[in-house]
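Fold and geometry: a report
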Amino acid sequence: MAVIGIMSALHEELAAVLAHMPDEQRVSVAGRDFWLGHWHGHAVVVVLSRIGKVAAATTATVLLERFRVDTLVFTGVAGGLGSDVRVGDVVVASGFVQHDMDASPLFPRHEVPLYGRAHFDAHADLSAQLAGASRRVLQEAERHLGHDTVDEFQLHAPEVHQGLVLSGDRFVSTGAESYALRQAWPAALAVEMEGAAVAQVCHDYAVPFAAVRTISDRADDTAHTDFNRFIREVASRYSLAILSQWLVGRQPG
Ligand code: SAH
């Protein structure tokens, strides 16, 4: 049977999914808890990677080697970069770049050494399925989040975007850094700290990978509401609803 891996960086991002899985069984490997179970008829392994590229790459490798997942989905939060990408929107990655990779002058800046590329694609079909599921969920944001949450976080017309996501080992929280990233990658929609690493691992193993990120901040100096509360009350619920919607529509393998 096909096995689907689902990973997030932060506990809050995954809380709703874990609370929902009916029959999970915990297996600890490399200091991580892998939760094995079933969801809408699919075999799934759910795991928290912790933050950053190395932690995410280790987690992805264990999912692929030990748990033999043949599809991997990352769900979490990210900072918005694109001018129309707002807090509460969802970004589905079409591809990833490590914005902090720089082995120049030996290799062109941002190129991952010995891969001959800076850019790693997300799996197109999988991403299209997740974008469809995200659109259906966001159309009914109020049903999933409740009226008060929609009002408080101003989530009245959330949108789904598909495009380039940047990853690096840095929480981007200044206007200057966000501006520099937008100058270097005008098409970038969002910035986070894990996606490109997982995409590289999945490229190595030729396993389909896609990522869905709820925008939690604008990656600049704007004071935003409590990050953890946003994740708990918005992003985590979006993750649950989007993944659930996606799995219901997917043929068990
Ligand atoms: N304040 C948090 C730290 C979160 S680190 C805490 O105390 O736990 C940020 C996490 O959210 C990373 O997993 C990253 O992928 C994502 N993220 C959200 N906004 C980001 C931004 N502006 N820059 C980089 N990563 C961001």
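Notes on the structure in this doc start here.

Reading the values: rules and limits
Residues numbered from 1 in each chain as written. Predicted model: local features only at pLDDT ≥ 70, side-chain atom pairs only at ≥ 80, totals over all residues. Heavy atoms only, no water. Helix = DSSP H or I, 4+ residues; strand = E, 2+ residues; numbered from the N terminus. Rg over C-alpha atoms; globule rule 2.2 N^0.38 Å. Contact = heavy atoms within 4.5 Å. Core = buried A, V, L, I, M, F, W, Y, C linked by side-chain atoms within 4.5 Å. Buried < 20%, exposed > 50% of the residue type's maximum accessible area, 1.4 Å probe, protein only. Phe/Tyr/Trp six-rings, centres within 6.5 Å; stacked < 30°, edge-to-face > 60°. Lys NZ or Arg CZ within 6 Å of the ring centre and 35° of its normal. Axes fitted to C-alpha atoms, helices over the stretch in contact; angles between N-to-C directions. Parallel < 35°, antiparallel > 145°, perpendicular 65-115°, else oblique. Left-handed = near helix turned anticlockwise from the far one by under 90°. 1 Å grid on protein atoms, 1.4 Å probe; cavity = no way out; pocket = protein on both sides within 12 Å on 5 of 7 lines; lining within 4 Å. Points joined across faces, edges and corners; volume = space filled by probe spheres on them. Nonpolar A, V, L, I, M, F, W, Y, C, P; charged D, E, K, R; others polar. Near = heavy atom within 4 Å. Polar contact = N/O pair within 3.5 Å; in protein donor to acceptor, adjacent residues only side chain to side chain. Areas by Shrake-Rupley, 256 points an atom, 1.4 Å probe, with all protein chains shown as cover. Sits in = over half its atoms within 2 Å of the grid points. Pairing = 2+ DSSP bridges.

A few words now on the overall build of the protein chain. In terms of regular secondary structure, the protein chain is built from eight helices and 10 strands. The globule rule puts the C-alpha radius of gyration for 253 residues at 18 Å, and the 17 Å found for the protein chain is close to it. Overall size of the protein chain, expressed as C-alpha extent along the three principal axes, is 50 × 45 × 30 Å. Excluding contacts between residues fewer than 6 apart, the proportion of contacts in the protein chain whose partners are at least 24 apart in sequence is 78%.

This part takes up the nonpolar core. Judged by nonpolar contacts, the single largest core of 76 residues is most densely connected at M7, F96, L130, V198, F209, Y238 and W246. The greatest single-element share of this core, amounting to 10 residues, is contributed by helix α8 (residues 227–248). Every residue in contact with M7, bar those within four places of it in the chain, is listed here: V47, S49, A56, T59, A60, L63, L72, V73, F74, T75 and V198. Judged by nonpolar contacts, the second largest core, of 10 residues, contains L81, L164, L181 and V191.

A word on the packing of aromatic side chains. Throughout the structure, instances matching the rule amount to five aromatic pairs. The interplanar angle of 90° and the centroid separation of 5.9 Å between the aromatic rings of F171 and F227 together place this pair among those described as edge-to-face. Here F227 lies in helix α8 and F171 lies in the loop between β8 (160–167) and α6 (175–184), a separation of 56 residues in the sequence. A cation over a ring is seen here: R117 above F120, with NZ or CZ 5.3 Å from the ring centre.

Next up on the list: the packing of helix α1 (residues 11–20) against α8. Where α1 contacts α8, the two axes come as close as 7 Å, and the packing angle between them is 45°. Here α1 is positioned oblique relative to α8, judged by the angle of their axes. Considering the relative orientation of α1 and α8, their crossing is right-handed. Between α1 and α8, the contacting residues are E12, E13, A15, A16, V17 and H20 on the first element and N228, I231, S236, S239, L240 and L243 on the second.

For the rest of this paragraph, the subject is the layout of surface pockets. Rolled over the atoms, a probe as big as a water molecule pinpoints where empty space is left. Considering only enclosed or pocket space, the largest pocket measures out at about 230 Å³ in volume. Of the residues belonging to the lining of the largest pocket, the class tally is 11 nonpolar, two polar and six charged. In this structure, the second largest pocket encloses a volume near 150 Å³. In this structure, the second largest pocket is lined by R117, F120, D121, A122, H123, A199, C202, H203, A206, V207, P208 and F209. Breaking the lining of the second largest pocket down by element, the ones donating at least two residues are β7 (119–121) and α7 (195–205). Here the lining of the second largest pocket gets three residues from one element, more than from any other, and that element is α7. Grouping the constituent residues of the lining of the second largest pocket by class yields eight nonpolar, two polar and two charged.

What follows covers the site of the ligand. With respect to spatial proximity, 17 residues lie near the ligand, and among them V172, M193, E194, R213 and D217 are the closest. At 2.9 Å from a nitrogen atom of the ligand is found a main-chain nitrogen or oxygen belonging to V172. Between an oxygen atom of the ligand and a side-chain N or O atom of R213, the distance comes to 3.3 Å. Protein chains bury 80% of the 570 Å² of accessible surface belonging to the ligand in isolation. For the ligand, the cavity whose grid points lie within 2 Å of the majority of its atoms is the largest pocket.

This brings us to the pairing of strand β1 (residues 3–8). In terms of residue burial, β1 counts as a mostly covered element, since six of its six residues are buried. Across the two faces of β1 the burial is the same, with V3, G5 and M7 and I4, I6 and S8 all buried. Two strands pair when backbone bridges link them, and β1 and strand β4 (residues 42–48) are joined in this way by six bridges, in the parallel orientation. In the strand pairing of β4, I6 is matched with V46. Looking at chain direction, β1 and strand β5 (residues 71–80) are connected through four bridges and run parallel.

Spatial relationships are all this shows, so hold off on functional conclusions.
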